[in-house]
Amino acid sequence: MFNANGTESAFAEQSVYASRVASKVNDYYGYKPKACVVTFGCQQNVSDSEKLKGMLVSMGYSLTEIWEQADFIIFNTCAVRGHAEDRVYGNIGKVKALKKNKPNLISAVCGCMAQQETVAEKIKKSYPYIDIVFGTQVFHRLPEFIYKRMNGSKRIFERTLDNKDIVEDIPVSRDGEFKGWLPIMYGCNNFCTYCIVPYVRGRERSREPQKIIDEAKQMIADGYKDITLLGQNVNSYGKDAEHGINFAKLLRMLNDLDGDFVIRFMTSHPKDCTIELLDTIKECKKISRHLHLPFQSGSSRILKLMNRYYDREKYLELIKNVKERIPDVSLTSDIIVGFPGETYEDFKETLSLVKEVEFSSLFTFIYSPRNNTPAALMADPVSREEKGKWFDELLKLQEEIAEKNKEKYIGKTFRVLCDGKSDNDGFLTGHTNGTVSVEFKADESILGKFVDVKINSYENAYIGTLIKN
Ligand code: 5AD
Ligand code: SF4
């Protein structure tokens, strides 16, 4: 049963439900059914969806991406910005028509939106054709929910947020062949004042190191070459446990595994990025030379209001340390434009920080008020239109920096993982262990291998030549 440190399988109970569904599912529909998983939001959601797919396959469904073909459809939702939520409502509204044509269709909404009481209530009232609504910490109970609904239960609403347990051993059906996600922790303790995540995903819980190592070994044995460790703040890995293995130590353990692979990770909160971690990245060959270090705002005044626990100077000092220790590092960041009370003077500090650091790429967002967060109660006098202008100014600056940076890569040779076919006929794509992607002509037999590619030019993408494999 459930176990606080996640060492015992809590999925056993759900496996029983999954077998029961599997033995009944073809009779229920009259044929072998298909399931469609629609994912919104971040990599954590993509990773959760791979588990939803794994469970659905174990219940006898085959997977489809075509909604009209689905006999079970589930929306795994994101609540981080209002825009994401609006898109979800638009999409779940389409289930009404799908159900008209297929009365046996079972529909579900899960994830960060479904974790909110207001959203669950709205779906209960206004979307009567949604059968099952469940939150982030009970998503492993999908077999039980499907079983109950198939057996005539009334609509199911479940949003327990008990915060303690990590459920291990959930089957997973990964989307990629060479690149895969590996969650190392769940939840967040930071309560940045704009962010809904701690309220919908609960407090930080780290997986047991051995569970992570075992999963990584299995992925490597299955041919995965590019593994991304996931957590809202991977830098605080292990702080909630007593085993004494922090994130830097975990990285070293993964780096020591046999095989040819790259380990990436995201997201890193700047306040928890230690020199030990930077030295680990520097010394470990299999750890990617990429740091995603969201700074959110270049103004210390705004950072304080955001509850970020660092100021502009501390962030810049961290970047200096990063660049000194890992000269070939790729830096990326998240930025919020138009936080409540932000003035143009504050925003100019964001622009100057972007100029100073020269990030490889940026993820930029206009502030979106979120229910029950402290920032949603702060005075927000700047208009959306004005924030839009600031946003465009930031994008333009980043484009100029990116244009200038292109020259840095041309003429150089990089080791890349050949990970796909380009739209460009006869060309394959490859990614460095930083953030650069390149297209080059080569035989498909090298897919999934590390090769050396020389970058020659930039034409909407870097174009290179295969040097050796
Ligand atoms: N409004 C806009 N952007 C937000 N983010 C998180 N919450 C909000 C919000 N309320 C952004 C932050 C975070 C990224 C994942 O999403 O930049 O790092
Ligand atoms: Fe949200 Fe801040 Fe936690 Fe990131 S660190 S998930 S921005 S509360």
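Above this text is the structure in question.
So, here's what we can say about the structure. (Residues numbered from 1 in each chain as written. Chains lettered and ligands numbered in written order. Predicted model: local features only at pLDDT ≥ 70, side-chain atom pairs only at ≥ 80, totals over all residues. Heavy atoms only, no water.)

## Description of the site of ligand 1
Then step 1. In the vicinity of ligand 1, the residues found are V80, R81, Y194, Q296, D334, I336, F365, I366, Y367, S368 and R370.
Then step 2. Measuring from an oxygen atom of ligand 1, one finds a side-chain N or O atom of R81 at 2.9 Å.
Then step 3. Residue D334 places a side-chain N or O atom 2.6 Å away from an oxygen atom belonging to ligand 1.
Then step 4. Contact with the protein chains hides 85% of the accessible area of ligand 1, taken as 400 Å² for the molecule alone. (Near = heavy atom within 4 Å. Polar contact = N/O pair within 3.5 Å; in protein donor to acceptor, adjacent residues only side chain to side chain. Areas by Shrake-Rupley, 256 points an atom, 1.4 Å probe, with all protein chains shown as cover.)

## Focus on empty space enclosed by the protein
Then step 1. In the structure shown here, the tally under the stated rule is four cavities of 30 Å³ or more.
Then step 2. Space inside the largest cavity adds up to approximately 180 Å³.
Then step 3. Lining the largest cavity are 13 residues, and of these T136, F139, V167, Y186 and R205 lie nearest its centre.
Then step 4. Of the residues in the lining of the largest cavity, the class split is five nonpolar, three polar and five charged.
Then step 5. Counting the residues that make up the lining of the largest cavity, at least three belong to each of domain 1 (12-158) and domain 2 (176-288).
Then step 6. In this structure, the second largest cavity encloses a volume near 50 Å³.
Then step 7. The wall of the second largest cavity is formed by N45, D48, L52, N76, C110, G111, G135, T136, F139 and R201.
Then step 8. If you list the elements that add at least two residues to the lining of the second largest cavity, you get α2 (43-58) and β4 (106-111).
Then step 9. A total of three residues in the lining of the second largest cavity trace back to one element, the largest contributor, which is α2. (1 Å grid on protein atoms, 1.4 Å probe; cavity = no way out; pocket = protein on both sides within 12 Å on 5 of 7 lines; lining within 4 Å. Points joined across faces, edges and corners; volume = space filled by probe spheres on them. Nonpolar A, V, L, I, M, F, W, Y, C, P; charged D, E, K, R; others polar. Domains from an automatic or database assignment. Helix = DSSP H or I, 4+ residues; strand = E, 2+ residues; numbered from the N terminus.)

## Observations regarding the side chain of E168
Then step 1. Examined against the element boundaries, E168 turns out to sit in the loop between β6 (156-158) and β7 (179-183).
Then step 2. Its relative accessible area of 5% is what places E168 among the buried residues.
Then step 3. A distance of 2.8 Å separates polar atoms of two side chains, one belonging to E168 and the other to R207. (Buried < 20%, exposed > 50% of the residue type's maximum accessible area, 1.4 Å probe, protein only.)

## A few points about the sheet that holds strand β1 (residues 34-39)
Then step 1. Judged by pairing direction, the sheet is parallel, and its six strands sit side by side in the order β2-β1-β3-β4-β5-β6 without closing on themselves. Two strands lie at the open edges of the sheet, namely β2 (62-63) and β6, each paired on one side alone.
Then step 2. Examined bridge by bridge, β4 and strand β5 (residues 132-134) share three bridges and lie parallel to one another. Along β5, the bridge assignment pairs V109 with V133.
Then step 3. The sheet contacts of α2 involve β1, β2, β3 (72-77), β4 and β5, and relative to β1 the element is tilted by about 170°.
Then step 4. The sheet contacts of helix α6 (residues 142-150) involve β3, β4, β5 and β6, and relative to β5 the element is tilted by about 155°. (Pairing = 2+ DSSP bridges. Contact = heavy atoms within 4.5 Å. Axes fitted to C-alpha atoms, helices over the stretch in contact; angles between N-to-C directions.)

## Some details on the packing of helix α13 (residues 344-357) against helix α14 (residues 384-409)
Then step 1. Two elements in contact, α13 and α14, have axes whose closest approach is 10 Å; the angle formed by their N-to-C orientations is 15°. With respect to α14, the axis of α13 lies roughly parallel. Here the hand of the crossing between α13 and α14 comes out right-handed. Packed against α13, whose contacting residues are Y344, F347, L351, V354 and K355, the element α14 presents W390, E393, L394, L397, Q398 and I401 at the interface.
Then step 2. When the residues that make up the contact of α13 with α14 are grouped by side-chain class, the tally is eight nonpolar, one polar and two charged. (Parallel < 35°, antiparallel > 145°, perpendicular 65-115°, else oblique. Left-handed = near helix turned anticlockwise from the far one by under 90°.)

## With respect to the site of ligand 2
Then step 1. As a structural note, the neighbourhood of ligand 2 is formed by C188, N190, F191, C192, Y194, C195, V197, P198, Q232, H269 and R308.
Then step 2. Taken together, the residues of the shell around ligand 2 sort by class into seven nonpolar, three polar and one charged.

## What to know about the packing of aromatic side chains
Then step 1. Under the criterion given, the structure shown has 22 aromatic pairs.
Then step 2. With a centroid separation of 6.0 Å and an interplanar angle of 40°, the aromatic rings of Y344 and F347 are classed as tilted. Of this pair, Y344 and F347 both sit in helix α13, three residues apart, which is roughly one turn of that helix.
Then step 3. Taken together through their ring pairs, the aromatic side chains of Y28, Y29, Y31, Y61 and F72 make up a single cluster.
Then step 4. Lying across the ring of F157, K124 places its NZ or CZ 4.8 Å from the centre.
Then step 5. One Lys or Arg, K406, reaches over the ring of Y458 and ends 4.1 Å from the middle of that ring. (Phe/Tyr/Trp six-rings, centres within 6.5 Å; stacked < 30°, edge-to-face > 60°. Lys NZ or Arg CZ within 6 Å of the ring centre and 35° of its normal.)

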